[in-house]
Amino acid sequence: MAAFSIHGDIIWTEEPGSFRYAEGGYLTVDEGKIVSVSSDRPADAEVIDMEGRLVFPGLSDLHLHAPQYAFMGLHMDEELLEWLNRHTFPEEAKYRDVAYAEKAYSILADDLLHGATTRVSVFGTIHTDSTLLLMRKLEEAGLAGCVGKVAMDRNSPDILIEDTDESIRETERFVRESSAFRSITPSITPRFVPSCSDRLLRTLGKIASENDLPVQSHLDENLSEISWVQELCPWSENYADVYRAAGLLGRKTIMAHCVWLNDEEMEMLRSTGTFIAHAPSSNRNLSSGIAPMRKYLDFGINAGLSTDVAGGSSISMLRMIEDAIGVSKLLWRSDSSAGRPLTFPEAFYLASKGGGAYFGRTGSFEPGYDADIAVFDDSVIKTVLRPGLSVPERLELLVYRAPESRAEAKFVKGRRIL
Ligand code: GUN
Ligand code: FE
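What comes next concerns the included structure.

What counts, and where the lines are drawn
- Residues numbered from 1 in each chain as written.
- Chains lettered and ligands numbered in written order.
- Predicted model: local features only at pLDDT ≥ 70, side-chain atom pairs only at ≥ 80, totals over all residues.
- Heavy atoms only, no water.
- Donors = N, O, S within 2.8 Å, 3.2 Å for Na, K, Ca; no water.
- Tetrahedral: all angles 85-135°; square planar, octahedral: opposite > 155°, others 65-115°.
- Helix = DSSP H or I, 4+ residues; strand = E, 2+ residues; numbered from the N terminus.
- Buried < 20%, exposed > 50% of the residue type's maximum accessible area, 1.4 Å probe, protein only.
- Axes fitted to C-alpha atoms, helices over the stretch in contact; angles between N-to-C directions.
- Parallel < 35°, antiparallel > 145°, perpendicular 65-115°, else oblique.
- Left-handed = near helix turned anticlockwise from the far one by under 90°.
- Contact = heavy atoms within 4.5 Å.
- Salt bridge = Lys/Arg side-chain N within 4 Å of Asp/Glu carboxyl O.
- Polar contact = N/O pair within 3.5 Å; in protein donor to acceptor, adjacent residues only side chain to side chain.
- Pairing = 2+ DSSP bridges.
- Phe/Tyr/Trp six-rings, centres within 6.5 Å; stacked < 30°, edge-to-face > 60°.

Let us look at the coordination of the iron ion (ligand 2). At the metal site, the iron ion (ligand 2) is ligated by His63 (NE2), His65 (NE2), His218 (NE2) and Asp308 (OD), and these contacts range over 2.1 to 2.3 Å. With 4 donor atoms in place around the iron ion (ligand 2) and angles of 88 to 172° between them, the coordination shape is irregular. Written as a sequence motif, the donor residues of the iron ion (ligand 2) are H-x1-H-x152-H-x89-D. Of this pair, His63 sits in strand β5 (residues 59–65) while Asp308 sits in the loop between β14 (302–305) and α11 (317–334), and the two are 245 residues apart along the sequence. Each member of the pair His63 and Asp308 is classed as buried.

Here it is as structure tokens:
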């Protein structure tokens, strides 16, 4: 791949709390990696002219449900367990039909392609073939990340349940057949403790560790869910302990939500390097509560942001930045012990480098990082202020006023995908 350089208004975060930027700068890429950000035009690279555009790192969505995109924005007046039973499980059951999956996943992949997201960790359904098709759609769109065939062997409706051995067998087939993909890798995906028996969880833990695979699940999202887990697993110290006992926590694991972690669970996640996928839109829509991210970040737990489509009602990671800041303000005002609200550069960091750390070196423009880049034309935001605004101020306007904008160009590992 020949070197190229994007000329535009370049902005990124290397640490929470402060932006780096270069107005009218040159972001040079070689062999799929960031080489430099400079104010001088490089002599030996093709220049892609994006003058006046915002150029920032592609964002990482650490948790979304692909089959739920079809009903995103509907049925938002219930809490988690009722919402799952009444709306989510019946919709997911439709993905037994690969033709339905083909239609729905094509729309999802196209919409993801046109937003700011470059990396994803995605739930499919229990259906292996539809989930392999989802991987193909995401790979064809040029995106990178992980996809999981969901495992569910208990407390689920007849239309969306597997028996334990079938779930194990199909997970193994899923892992085998997904070796056909390059930028999308398989993730071991127990839905959550209520829908997975102890034997299934432990076998999935074994498959993950033997094959060194990523893992994704849900943890401590809703108070009724947490009480139910206590009833189902009376032997466990707490909810996170069930995943720990199955060997499912670690640096390659994402736990979505974590609204209600207790001190022992916080320590368990921190010491294992497990990532939290904070899902502010979903926390609000399902009245789950607000994950105290300031507390978790101060404690040193790895974390990023996520849409949790369709608990979350937008696929835009720019909107999740606004939502993460917004819910942190409400939490702080109602409980000052939760700590200061997230600031704009902190929330941008979580959406880019913070969550990106799950996938390796992505989400920043430091040399050697994967060249995952989003380019947005913010001139569509009409304001008399614009000529006087700094690059960080323009990024803030994009987040608050036009988060559903379509990207003008996008790159993943240096390859232009849009
Ligand atoms: N917990 C178990 N399944 C789900 C799901 O599909 N969405 C959310 N938000 N939480 C879950
Ligand atoms: Fe979820």
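With that settled, the discussion passes to the packing of α11 against helix α12 (residues 344–356). Each pair of packed helices gets described by two things: the angle between the helix axes and the distance between those axes. Relative to each other, α11 and α12 sit at 135°, their axes nearing to 9 Å. One way to sum up the angle between α11 and α12 is to call them oblique. For the element pair α11 and α12, the recorded crossing hand is right-handed. Touching Met317, Ile321 and Ile325 of α11 are Phe344, Ala347, Phe348 and Ala351, all from α12.

Moving on, we get to the pattern of salt bridges. Following the criterion strictly, the structure yields 27 salt bridges and no others. Across the pair Arg394 and Asp9 runs a salt bridge, and its minimum N-O distance is 2.9 Å. Here Arg394, found in helix α13 (residues 391–401), pairs with Asp9, found in strand β1 (residues 4–15); they are 385 residues apart in sequence, far enough to count as distant. Relative accessible area serves as the criterion here: at 6%, Asp9 is assigned to the buried category. Across the pair Glu14 and Arg20 runs a salt bridge, and its minimum N-O distance is 3.3 Å. Relative accessible area serves as the criterion here: at 42%, Arg20 is assigned to the partly exposed category. It is possible to trace a salt-bridge network through shared partners that takes in Asp9, Asp378, Arg386 and Arg394.

Here we take up unusual backbone geometry. Following Val309, the chain continues to Ala310 via a peptide bond in cis, the omega torsion being 5°. Assignment of secondary structure puts Ala310 in the loop between β14 and α11. For Glu31, which is not a glycine, the phi torsion comes out positive at approximately 50°. Structurally, the position occupied by Glu31 is in the loop between β2 (18–30) and β3 (33–38). The backbone of Asn155 sits at a positive phi, close to 50°, despite the residue not being glycine. For Asn155, a relative accessible area of 37% translates into the label partly exposed.

Let us look at the side chain of His127. Tracing the backbone through its elements, the reader meets His127 in the loop between β6 (117–123) and α3 (128–141). Of note is the side chain of His127, whose polar atom sits 2.7 Å from the side chain of Thr125. Once residues within four sequence positions are removed from consideration, His127 is found in contact with Glu92, Ala93, Tyr95, Arg96 and Leu160.

Attention shifts here to the pairing of β3. As defined by bridge partners, β2 adjoins β3 across 5 bridges and the pair is classed as antiparallel. Along β3, the bridge assignment pairs Leu27 with Val37. Joining the antiparallel neighbours β2 and β3 is a turn of 2 residues, in which Glu31 adopts a positive phi near 50°.

The next point concerns the packing of aromatic side chains. If you walk through the whole model with that rule in mind, you get 12 aromatic pairs. Measuring from ring centre to ring centre gives 5.6 Å for Phe19 and Phe348, while their planes differ by 55°; the resulting arrangement is tilted. With Phe19 in strand β2 and Phe348 in helix α12, this residue pair connects regions lying 329 residues apart in the sequence. Both residues of the pair, Phe19 and Phe348, count as buried. Note on Tyr95 and Tyr100: the rings are 5.2 Å apart at their centroids and 80° apart in plane angle, and the pair reads as edge-to-face. Site record: aromatic cluster; members linked through ring pairs are Phe19, Phe56, Phe344, Phe348 and Phe376.

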